[in-house]
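Structure at a glance
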Amino acid sequence: MDWVPIVFIVFKVAVFGTGMFFAIKWHYDQGKKVKEEASRSQLPVVRTPGAPD
């Protein structure tokens, strides 16, 4: 029964490591998305005369 704490600690590290990876990835993707939207809104828009908006 000495192996039980070792297994639980390894499982806990794996779960928290995976959670931290996806949390960092999500925040990185959100920042990238915001920057992309901000740069897209600053680009000049080419409009065709007579075309509906």
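Residues numbered from 1 in each chain as written. Predicted model: local features only at pLDDT ≥ 70, side-chain atom pairs only at ≥ 80, totals over all residues. Heavy atoms only, no water.

So, about the pattern of salt bridges. Within the structure shown, the criterion is met by 1 salt bridge. A salt bridge links Lys25 to Asp29, with the nearest nitrogen and oxygen atoms 3.1 Å apart. You can see Lys25 and its partner Asp29 sitting in helix 1 (residues 3-42), 4 residues apart, about one turn around the helix. Lys25 gets classed as partly exposed once you look at its relative accessible area, which sits at 40%. (Salt bridge = Lys/Arg side-chain N within 4 Å of Asp/Glu carboxyl O. Helix = DSSP H or I, 4+ residues; strand = E, 2+ residues; numbered from the N terminus. Buried < 20%, exposed > 50% of the residue type's maximum accessible area, 1.4 Å probe, protein only.)

Attention shifts here to the packing of aromatic side chains. One pass over the full model with this rule turns up 1 aromatic pair. Where Phe21 meets Phe22, the ring centres are 5.1 Å apart and the plane angle is 75°; that geometry is what we call edge-to-face. Residue Phe22 is classed as partly exposed on the basis of its relative accessible area of 48%. (Phe/Tyr/Trp six-rings, centres within 6.5 Å; stacked < 30°, edge-to-face > 60°.)

Limitation: the analysis is restricted to geometry and does not speak to function.
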